[in-house]
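# Fold and contact review
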Amino acid sequence: MSSSVFSPAARLRGARPPWLTPKVFRTEVLAGLVVGLALIPEAISFSVIAGVDPKVGLFAACTMAMTIAFVGGRPAMISASTGAVALVVAPVTREHGLGHLIATVILAGVFQIALGALGVAKLMRFVPRSVMVGFVNALGILLFTAQIPNLRDVPWAVYPLVVAGLLLMVFFPRLTRAVPAPLVSIVILTVITVAAGIAVPTVGDKGKLPSSLPVPGLPDVPFTPHTLTVIAPYALAMALVGLMESLMTAKLVDEITDTRSNKTRECVGQGIANIVTGFFGGMGGCAMIGQTMINVKNGARTRLSTFLAGFFLLILCIVLGPVVSEIPMAALVAVMVLVSVGTFDWHSIKPATLKRLPAGETAVMVITVAVVVATDNLSIGVVVGSVTAMIIFARRVAHLVQVTAVTDPDGTEVVYSVTGELFFASSNELVGRFDYAGDPDKVVIDLSAAHVWDASSVAALDAVENKYAQRGKTVEITGLNEPSARLHGTLSGELADSH
């Protein structure tokens, strides 16, 4: 299936885009409807976290999804108001008001466009698989624990409704897959609660839904350098958190769908979507991993489902607000619980898998999960996990450096062969691998099987030469490859003060 939905090239060729085929169109429409329904309680909840009126979060969800459908780099990925962004911008609302929040969102969008143009998306290559697995597992746990407040201090009828919803979603696909099981579950449970007059928490209890379309406008703030200094730190934090979650989500969808996405376009697209959202009075956002999983698991693969999720959310809120308000929260909890179970990588925690994996890989996965769950922030977990993986990798590679010595039969020369990667972690041990007092007057260090990566390694080689020179012995370094020779030639003899 093509990853481009609104493809100008396809239109010029007269080819029908894939979402116009009846089967794909139906799948995309129904998936978008399910996501639109699921976005309502989450957008309202995130509005509460950010300290703003529910309509600010709902408008953000609408405009983010509808804009990113055109400008984003990952088809079928859902962007809307999110908890991570809400946590970052909450202090702005609390201390400075809604106007400063809107200005922060717009500036964050500008930062994201700039970061995208600078190629920040390429940093994703440094996120190892163990961190990705930890990210996915932590996500599954967070999606599940996020539903727990909806199951506390509630009428007893909520529990059988949740169980009924789970059973419907598990067994209904055995009858037909023409209609998404989550949508069927939501409709049936809503009809049951309304018809039987069962008093349970509903979507309407989360907050009042908007009754009119958002109107574009400028943020109500003084356009002064002081305002910029106030909002800039929050805007940069929002931009970084939003891009990290969006890029991680895009990478996950790439793996699930066996397709590639344009990460740089996604960065720029997130920025454009946040700018548009800010001008329409929304609280901004980024890719939503939970809603994206709902969308993808329901078979959506194109941009149409993303656009329709935002469009349906707008229609559901404004036109069908009274009906949507009657949906029991139990129905949406059941959907999210099933998504959380499906998101978790159960294979990664099987005893057989853990036994085969290196201890370091398992440690990185566990640390990523622990940090995410402890901080309730996916971005912090990814950073800590990636740094941990780099440290473990550096330690592992540092110990792979080998030094072997061969002395000429006549005893006038010794050749040291160095094998491995020389960098800051391995070069410290290099100095102690030579017999300065016992070696003959001529020493050759053969680096044909090594690579010099940094100044620490050059300084270590200089230190070796100096130790031999203090004993009146000469050192010849041979076998340097071109990059190593260039680095060594530039820095050798210039690092004495720092050594």
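Before going into details, it helps to say that this report is about the structure given with it. (Residues numbered from 1 in each chain as written. Predicted model: local features only at pLDDT ≥ 70, side-chain atom pairs only at ≥ 80, totals over all residues. Heavy atoms only, no water.)

Enumeration according to the criterion identifies four salt bridges in this entry. In this structure, aspartate 254 and lysine 263 form a salt bridge, with 2.6 Å as the shortest nitrogen-oxygen distance. This pair shows no difference in class: aspartate 254 is buried, exactly as lysine 263 is. The partner of arginine 486 in a salt bridge is glutamate 482, with the nearest N and O atoms 3.5 Å apart. One end of the pair is arginine 486 and the other is glutamate 482, both in helix α20 (residues 482-491) and four residues apart, which spans about a single turn. An identical accessibility class is assigned to arginine 486 and glutamate 482; each is exposed. (Salt bridge = Lys/Arg side-chain N within 4 Å of Asp/Glu carboxyl O. Buried < 20%, exposed > 50% of the residue type's maximum accessible area, 1.4 Å probe, protein only. Helix = DSSP H or I, 4+ residues; strand = E, 2+ residues; numbered from the N terminus.)

Between its first and last C-alpha, helix α7 (residues 158-171) extends 20 Å over 14 residues, near the 20 Å set by a 1.5 Å rise per residue. Turning to α7, its buried residues number three or more, namely Val158, Leu161, Val162, Gly165 and Met169. Seen from one end, α7 has its buried residues packed into an arc of 100°, which puts them on one side. Buried positions along α7 lie against α8 (181-196) and α14 (329-343). (Expected span 1.5 Å × (residues − 1). Arc of directions from axis to C-beta. Contact = heavy atoms within 4.5 Å.)

It is worth spelling out the packing of helix α3 (residues 54-71) against helix α10 (residues 263-279) at this point. Following both chains from N to C, one finds α3 and α10 inclined at 140°, their axes separated by 8 Å at the closest point. For α3 against α10, the interelement crossing comes out right-handed. The segment α3 lies against α10, with Ala60, Thr63, Met64, Thr67, Ile68, Phe70 and Val71 engaging Arg265, Glu266, Gly269, Gln270, Ile272, Ala273, Asn274, Val276 and Thr277. Residues of the contact of α3 with α10, tallied by class, amount to eight nonpolar, six polar and two charged. (Axes fitted to C-alpha atoms, helices over the stretch in contact; angles between N-to-C directions. Left-handed = near helix turned anticlockwise from the far one by under 90°. Nonpolar A, V, L, I, M, F, W, Y, C, P; charged D, E, K, R; others polar.)

Look at α3 against helix α12 (residues 303-318): their axes get within 8 Å of each other, and the N-to-C directions meet at 155°. Judged by the inter-axis angle, α3 sits roughly antiparallel to α12. Considering the relative orientation of α3 and α12, their crossing is left-handed. Residues Leu58, Ala61, Cys62, Ala65, Met66, Ile68, Ala69 and Phe70 of α3 form the contact with α12, whose own contacting residues are Arg303, Thr306, Phe307, Gly310, Phe311, Leu313, Leu314 and Cys317. Within the contact of α3 with α12, the residues separate by chemical class into 13 nonpolar, two polar and one charged. (Parallel < 35°, antiparallel > 145°, perpendicular 65-115°, else oblique.)

What follows covers the nonpolar core. With 102 residues, the main nonpolar core has Ile40, Leu58, Met283, Ile294 and Leu313 as its most contacted residues. Apart from the residues lying within four places of it in its own chain, the contact partners of isoleucine 294 are Val34, Val35, Ala38, Val335, Met336 and Val339. Counting 23 residues, the second-largest nonpolar core is a separate cluster that includes Leu422, Phe434, Ile445 and Ala450. (Core = buried A, V, L, I, M, F, W, Y, C linked by side-chain atoms within 4.5 Å.)

What follows covers the pairing of strand β5 (residues 442-452). As judged from the nine bridges shared by strand β4 (residues 413-422) and β5, these two strands associate in the parallel manner. Along β5, the bridge assignment pairs threonine 419 with alanine 449. Here β5 runs beside strand β6 (residues 474-478); their pairing, made up of five bridges, is parallel. Within β6, the position partnered with isoleucine 445 by the bridge is isoleucine 477. Handedness of the crossover joining β5 and β6 through helix α19 (residues 455-469) is recorded here as right-handed. (Pairing = 2+ DSSP bridges. Right-handed = clockwise from strand over helix to strand, strands pointing away.)

Now for the environment of glutamate 482. Overall, the relative accessible area of 60% leaves glutamate 482 in the exposed class. Residues glutamate 482 and histidine 451, 31 residues apart in the sequence, show an inter-C-alpha distance of 9.6 Å.

Mapped onto the elements of the fold, threonine 306 is located in helix α12. Of the residues examined, threonine 306 reaches a relative accessible area of 2% and is grouped as buried. Once you skip the residues sitting within four places of it in the chain, threonine 306 turns out to touch Ala65, Ile68, Ala69, Ala76, Met77 and Ile78.

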